[in-house]
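Tertiary structure, described
One-letter residues, chain by chain:
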Amino acid sequence: MLQSFKNCFKIPDLRRKILFTIGILIVYRIGGQITVPGIRESVLQEYFAGAGGTLFGLYDMFVGGAFTRATVFALGIMPYISASIILQLMGAVVPFFQKLQREGEEGRKKINQYTRYGTVLLAGAQSLGVSYFLENIRGPSSGVPAVIDEGWGFRMLTMITITTGTIFIMWLGEQITERGIGNGISLIIFVGIIAELPFAVKDEWRHYLLNRGSTKSLIEEIFLLALIVAVVAAVVLLTQGQRRIPVQYAKRVVGRRVYGGQTTHIPLRINAAGVIPIIFAQSIMFLPGTVTQFFPASEFMASLGAYFTTSSVFYWIVYGTMIVFFTYFYTAIVMDPQQLADNMKRHGGFIPGVRPGKRTADYIDRIMTRITLPGSMALAAVAIFPFFVIDQFNVTPSYSQFFGGTGLLIIVGVSLDTLQQLESQLMTRHYEGFMKKGRIQGRR
């Protein structure tokens, strides 16, 4: 594998793409350290010290810690992701967007254009909300406001600065996709999450030194490292798992040429919904804990918040159930069995032993329903496992997120996609790929 990485830099075109991508990611990380003008950073650090288990902590993970530092990249690429998800959901119910999805490349360009417009609108609205939120922050111990000079001047400056930062990140992601190694938006999220790993390891090591001999031991820390490796392997299996449905294409004679006649398959993923169900479920489950922070003197809110802490078994059960529900919900949106059946019928394809048309659609739908159940349950287990690790092994919250959840799924998914991109580049230039046994899908 090390030789394969060396080969990547032997190819001038691929070397240029890799260095360009690294340069863009460095620019992104630099922008994530520049604070919005008019903010007291020390007050923000004190206020967000315990935000790990709230909605703010979830959002901050996606933007690489830029939200809790109130930087120009505080919203990260999330408005673009939200706009993409909204348009994808609208494509399932709005005829206009359904028509655009069927128009091929031109329709895709139109959808991308609408996604950019939606990103600007969402970023503008969210950045205005962030400015109001920052004005209400006071230091827990000192009572000093986080904003130096409150008012509409600060709000407009924050709105313009953060919205511009979001648009700039969107442009950076598109540049990586066009001129880099691809997967620009995904790589930006990946770098934001992986950038927190050194700080998480540092916090866990400090926690070990403070509790050495009482609740923590070196053997336990080594076991936790081995456990991370095992969890990553399980997530790779979950991400790559497929159920292949064989498809046969009939031979067609057009003029003097014969088309079709080959056998292929439809790869149905066990986890077709990706990380979206966990994001939806986390956003809902973190909401009660976030709301209770605004009512510190209320006994009712305190008792309600006890059920929605990550150490509560009630939280685990409800959280896992919601992930299973959202997995089925989102899979039904992104996978349309009727459309697959129509496309196969249009091109002369059929599943052996199944009639084309409605029978084929029902057959695909039945298989998707069956394979989604174990996939959704495995996804729920991966999402709940970090909370279990905190409760049973007394690890720090920042370190626990690398035992599962949204962050690990994104890290594994983006890493596999990036390796697939590099693998295909190497293979087209007659170099040996990363894996000799062909485990990466791009090799096929």
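This write-up is about the structure you can find in this document.

Digging into the overall build of the protein
- Of regular secondary structure, the protein possesses 18 helices and 5 strands.
- Radius of gyration (C-alpha) of the protein: 24 Å, near the 22 Å computed for a compact globule of 444 residues.
- Principal-axis analysis of the C-alpha atoms places the extent of the protein at approximately 85 × 55 × 50 Å.
- Expressed as a percentage of the 444 residues in the protein, the buried residues total 44%.
- Considering only intrachain contacts with a sequence separation of at least 6, the fraction spanning at least 24 residues in the protein is 70%.
- Accessible surface, the protein: about 23,200 Å² in total, of which carbon and sulfur atoms supply 63%.
- When the 41 basic and 26 acidic side-chain charges of the protein are each reduced to a single mean position, those positions are 15 Å apart.

Quick look at the side chain of S131
- As for its placement among the helices and strands, S131 is situated in helix α7 (residues 105-135).
- Overall, S131 belongs to the buried group, its relative accessible area being 0%.
- If sequence neighbours within four positions are ignored, S131 has contacts with F154, R155 and T158.

Comments concerning helix α5 (residues 78-93)
- For α5, built from 16 residues, the straight-helix expectation of 22 Å at 1.5 Å per residue is met to within 8% by its first-to-last C-alpha distance of 23 Å.
- For α5, the set of buried residues is M78, P79, Y80, A83, I85, L87 and G91.

Here we look at the nonpolar core
- Judged by nonpolar contacts, the single largest core of 86 residues is most densely connected at I39, L44, L134, I137, Y319 and I323.
- Per-element tally for this core: the top contributor is helix α18 (residues 405-428), with 9 residues.
- Not counting residues within four places of it along the chain, the set of residues in contact with L44 comprises I39, T68, R69, A70, L134, I137 and A146.
- By size, the runner-up hydrophobic cluster in this structure holds 11 residues, among which are M344, V354, I364 and M368.

Section: the environment of V43
- Here V43 is to be found in helix α3 (residues 41-47).
- You can call V43 buried: its relative accessible area is 4%.
- Put simply, V43 and R138 are 95 residues apart on the chain and 7.0 Å apart in space, counted from C-alpha to C-alpha.
- Non-local contacts of V43, meaning those with residues more than four positions away in its chain, are made with I137, R138, G139, V144, P145 and A146.

Section: the environment of A281
- Within the secondary structure, A281 is located in helix α12 (residues 276-292).
- Overall, the relative accessible area of 0% leaves A281 in the buried class.
- Measuring from C-alpha to C-alpha, the distance between A281 and G165 comes to 28 Å, with 116 residues separating the pair along the chain.
- Those residues within four positions of A281 in sequence are excluded, and the remaining contacts are Y319, M322, I323 and F326.

Overview of the sheet that holds strand β4 (residues 263-269)
- Taken in spatial order, the 3 strands line up as β4-β1-β5 in an open sheet, and their pairing is antiparallel. A single partner strand is all that each edge strand has here, and the edge strands are β4 and β5 (349-350).
- Examined bridge by bridge, strand β1 (residues 242-249) and β5 share 2 bridges and lie antiparallel to one another. By the bridge assignment, Q248 is partnered in β5 with F350.

With respect to the packing of aromatic side chains
- Counted according to the given criterion, the structure contains 19 aromatic pairs.
- Aromatic side chains F168 and W171 sit 6.0 Å apart centroid to centroid with 20° between the ring planes, which places their arrangement in the stacked category. Here F168 and its partner W171 are both found in helix α8 (residues 152-179), 3 residues apart, which amounts to about one turn of the helix.
- Overall, the relative accessible area of 43% leaves W171 in the partly exposed class.

Here's the deal with the pattern of salt bridges
- One pass over the structure, following the stated rule, counts 6 salt bridges.
- Here D362 ties to K358 by a salt bridge, and the two come within 2.9 Å at their closest N and O atoms. Residue D362 and its partner K358 are both found in helix α16 (residues 358-393); the two are separated by 4 residues, about one turn of the helix.
- Residue class for D362 comes out partly exposed when judged on its relative accessible area of 36%.
- The network of salt bridges with shared partners includes D13, R16 and K17.

Looking at the environment of Y132
- Take Y132: it is sitting in helix α7.
- Judged by its relative accessible area of 34%, Y132 is partly exposed.
- Separated by 285 residues in the primary sequence, Y132 and D417 have C-alpha atoms spaced 39 Å apart.
- Discounting residues that sit within four places of it in the chain, Y132 has contacts with W152 and R155.

Regarding helix α10 (residues 197-211)
- With 15 residues, α10 should reach 21 Å at 1.5 Å per residue; the first-to-last C-alpha distance of 21 Å fits that figure.
- Considered for burial, the residues of α10 that qualify are A200, E204, H207, Y208 and N211. Projected onto a plane normal to the axis of α10, the buried residues spread over an arc of 100° and lie on a single side. Opposite its buried face, α10 presents the exposed residues P198, F199 and L210, each directed more than 90 degrees away.

Thresholds, definitions, all that
- Residues numbered from 1 in each chain as written.
- Predicted model: local features only at pLDDT ≥ 70, side-chain atom pairs only at ≥ 80, totals over all residues.
- Heavy atoms only, no water.
- Helix = DSSP H or I, 4+ residues; strand = E, 2+ residues; numbered from the N terminus.
- Rg over C-alpha atoms; globule rule 2.2 N^0.38 Å.
- Buried < 20%, exposed > 50% of the residue type's maximum accessible area, 1.4 Å probe, protein only.
- Contact = heavy atoms within 4.5 Å.
- Areas by Shrake-Rupley, 256 points an atom, 1.4 Å probe, with all protein chains shown as cover.
- Lys, Arg positive; Asp, Glu negative; His and termini not counted.
- Charge placed at Lys NZ, Arg CZ, Asp CG, Glu CD.
- Expected span 1.5 Å × (residues − 1).
- Core = buried A, V, L, I, M, F, W, Y, C linked by side-chain atoms within 4.5 Å.
- Pairing = 2+ DSSP bridges.
- Phe/Tyr/Trp six-rings, centres within 6.5 Å; stacked < 30°, edge-to-face > 60°.
- Salt bridge = Lys/Arg side-chain N within 4 Å of Asp/Glu carboxyl O.
- Arc of directions from axis to C-beta.

Everything listed here is a matter of geometry and, on its own, says nothing about what the molecule does.
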